[in-house]
Amino acid sequence: MKTYNWRPFLERWSADWLDSPGARGRGDVAETVLRDRWLGFPAAGEDRIGELEERLGVTLPPTYRSFLATTDGWQAAGTAVGRVGAAEGVHWYGDPDGLQALHEGALDEHASEEEVLRAGMWGRALRLSAAPDGIEVLLDPGDPDANGEWAAYLHRGGAGGERPERHGSFMELMQALFREFHRAHADTPGFANETTRELDADVEEARLACLDGEDIDGALELLTEADECGRPRARGLRVQLEAMLNGGGGSGARGGGGFGVGASPASCDVGRLDDPLYARELLPLAALEHLRTGRAGLADGADETDLADSADRAGHDEAEFLRSSDGPDHDGDDRKQALALLREIDERTFRYEAPGSFGDAVASAREQARWGDTDGAWRTVAAAVTGWEPYGEDHIAPVGLLADPLLGPVITPERGRYLLETPRAGGGGGRGTAGGGGEREAARVRADGLGWLAEDTGPSAPDAYRFVLVHGVAPQELAERIGRGPLLAPCDASEAGQAIRIGSCGDGAGGGDASENGDGGEGRGTDAGRWSFAFESGRNGVEPPTSEALSRGTESVTVWCERGGRSAAFPGIFHFSYAEDGERVYGFTVRDGEIEEWGAVPDALDPGHLFPDAGPGWDEGAPDDSDDSSNRGAEGSWALDPDDEYESLDAIAEVFGVSLPRFAIRHGRLHAVAPS
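Our subject in this report is the structure included herewith. (Residues numbered from 1 in each chain as written. Predicted model: local features only at pLDDT ≥ 70, side-chain atom pairs only at ≥ 80, totals over all residues. Heavy atoms only, no water.)

**A closer look at the pairing of strand 10 (residues 555-562)**
A regular strand carries its side chains on alternate faces of the sheet.
Part 1 of the argument: Across the eight residues that make up strand 10, a large majority, seven, are buried.
Part 2 of the argument: Examined bridge by bridge, strand 6 (residues 464-471) and strand 10 share seven bridges and lie antiparallel to one another. By the bridge assignment, Phe 467 is partnered in strand 10 with Val 559. (Buried < 20%, exposed > 50% of the residue type's maximum accessible area, 1.4 Å probe, protein only. Helix = DSSP H or I, 4+ residues; strand = E, 2+ residues; numbered from the N terminus. Pairing = 2+ DSSP bridges.)

In structure tokens form, the structure reads like this:
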């Protein structure tokens, strides 16, 4: 029989409990426990374990069998669980409350194998303990792992209780109970022992390692263990680390992203708003998480009818945000400040600010990001992070950045890790990752071109898009030419609705001088950074602004693509137009396999070469093959060939030296304007 190292673990638990305030004054503590400093019992012995297995008709899982060989049961030891695991008290559970039928009845056709397995646990489980208030420890022989361990459950509260907590083995469950004991006593004055001292040392070690950019995953493991044991400081540090590692991805009240499964900004205690770490870093993240969680609940089908209107919904959101489960709620001036922040996050007007040179870089990066240069914004932030200044010793990363509606999406999980692995102020002097992150990143960044639009063909990708590129015009002026009213707050594709998103094309496609292609556009490739764009996704039924109207005093390129393929009513369309000073110069439209062409189209953009299957011979009477992806683009279908779409976009990018920022359009936030 494999022997597990139960004795040192249980001796540590005994010592920590006996040294806790009030333990020795309890009348139910046996004299032998105080004398021997042992909360266990004599070992069961191989004969007794064999008799138990014979009675049950099974071979016990390894860690529980080894536990009995160390102690025949375990006392409450500072948790709500009574004596657990004694051989005499072990019986088949029998599902006395009919929980299996209840859980299996809640399954639907989308239930996973894991959900089905857990729902069937109740009728076959082995019960190791039962406290008077219904807290039970169960082992499931129907859920073994490769080592023969059975899944272990802590079930609280009988039939109407919480969802049972699953652990991989009996040993893992006991370790979780030990952490629960420490967590329950963490705020008790005088609660100090060898474990708390070790955990506090681990917290400090993790803090310094993180600031040095060293072993980020190891630091997170230390902080997670300390946090689960309730050690002060660990929660706030863990939140910062997990937030950066999860990135800002879609950050905003309606975005995606996340802060990890263990800790979250909202789980931190309500702090003082005169503490900049709390007010400027953690509270914005908590507001972001609060609003995102609320929106996700509604999106998943939560009933909103009990909230009469949007004002009621907002009031509900605010009341929930101000409430604290562990301490005093925000009130007075703090309440006003917290609500103002919540509304800024919700309306996407929040601006992250930081002290010193890093704060200056953040301000510059915001300007880059809001006009579409998200790669440039990232390089600006990455180059400046070595000069980041913490607000105090418990501040290890610029996590408030993730709540900024413009810069949050720029910080992907990979980039969040990069920032953590760059040494920052206040570390212990370790080597970490070499500095100069911005310069090293810059070499990897290449212009996106236009072909990526054809590559985004997944189920969630739009099947239509339109964009116009205007040369020598700033994005603000382009917005004035396109729409009415002021620029809208920066928004992502889903938030934009029918609004047109505006930005700068950045550094172009990186091709040679356009004049080399024989298109007559001398030098356009070298001035690619002066192009601005307006972009729309999907079919919104609004007539797009014409290339001619936007090219006054300059030149413009318009592309309009609808991939088609669903039916004859939705044919594939690819439209390209080049205009100068308000006049259409040349272009073409491919619609339902027919080509319309005007002006002197350059050879590089000849639609006959770019769409070789279009033109005479297109069979308009062919059956609808739109549901068969293998026939997309084949003669007789209504869809564009994705290869033709890609080649056309790539040729336009090469001829005009232009590029659209993929990350900014797909994942970032851009200013928008309502079409006139």
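Next comes the rest of the write-up.
**A short note on unusual backbone geometry**
Part 1 of the argument: If you check the backbone angles, Asp 95 has positive phi at about 50° while not being a glycine.
Part 2 of the argument: Structurally, Asp 95 can be placed in the loop between strand 1 (91-92) and helix 5 (99-105).
Part 3 of the argument: According to the relative accessible area criterion, Asp 95 is buried, its value standing at 14%.
Part 4 of the argument: For Arg 348, which is not a glycine, the phi torsion comes out positive at approximately 60°.

**Points about the environment of Val 473**
Part 1 of the argument: With respect to the helices, strands and loops of the structure, Val 473 is situated in the loop between strand 6 and helix 19 (475-482).
Part 2 of the argument: Under the relative-accessibility criterion, Val 473 is labelled buried at 4%.
Part 3 of the argument: A C-alpha to C-alpha distance of 9.4 Å links Val 473 and Phe 533, two positions 60 residues apart in sequence.
Part 4 of the argument: For Val 473, the residues in contact, after removing those within four places along its chain, are Leu 478, Arg 481, Arg 530, Ser 532 and Thr 554. (Contact = heavy atoms within 4.5 Å.)

**Some points on the packing of aromatic side chains**
Part 1 of the argument: Here the structure, examined in full by the defined rule, presents 27 aromatic pairs.
Part 2 of the argument: Plain terms: the ring middles of Trp 531 and Phe 656 are 6.4 Å apart, the flat faces sit at 80° to each other, and that makes the pair edge-to-face. Placement of Trp 531 in strand 9 (residues 531-537) and of Phe 656 in helix 23 (residues 642-656) is noted, with a sequence separation of 125 residues between them.
Part 3 of the argument: Residue Trp 531 is classed as buried on the basis of its relative accessible area of 0%. (Phe/Tyr/Trp six-rings, centres within 6.5 Å; stacked < 30°, edge-to-face > 60°.)

**As for helix 9 (residues 216-228)**
Part 1 of the argument: In this model helix 9 runs 18 Å from its N-terminal to its C-terminal C-alpha over 13 residues, within 8% of the 18 Å that 1.5 Å per residue would give.
Part 2 of the argument: For helix 9, every residue scored as buried is listed here: Ile 216, Gly 218, Ala 219, Leu 220, Leu 223, Thr 224, Ala 226 and Asp 227.
Part 3 of the argument: Those residues of helix 9 that are buried are in contact with helix 8 (194-211), helix 10 (234-246) and helix 16 (413-420).
Part 4 of the argument: Once helix 9 finishes, Gly 230 follows within two positions and takes phi at roughly 80°, a positive value. (Expected span 1.5 Å × (residues − 1).)

**Observations regarding the pattern of salt bridges**
Part 1 of the argument: According to the stated counting rule, one finds 34 salt bridges in the structure shown.
Part 2 of the argument: Taking the shortest distance from any N to any O, the salt bridge between Arg 179 and Glu 228 comes out at 3.2 Å. Note that Arg 179 is positioned in helix 7 (residues 170-185) and Glu 228 in helix 9, a separation of 49 residues in sequence.
Part 3 of the argument: A residue is classified by how much of its surface remains accessible, and Arg 179, at 18% relative accessible area, is buried.
Part 4 of the argument: The partner of Asp 404 in a salt bridge is Arg 366, and the shortest N-O contact between them spans 2.7 Å. Here Arg 366 lies in helix 14 (residues 356-370) and Asp 404 lies in the loop between helix 15 (374-384) and helix 16, a separation of 38 residues in the sequence. Like Arg 366, Asp 404 is buried. (Salt bridge = Lys/Arg side-chain N within 4 Å of Asp/Glu carboxyl O.)

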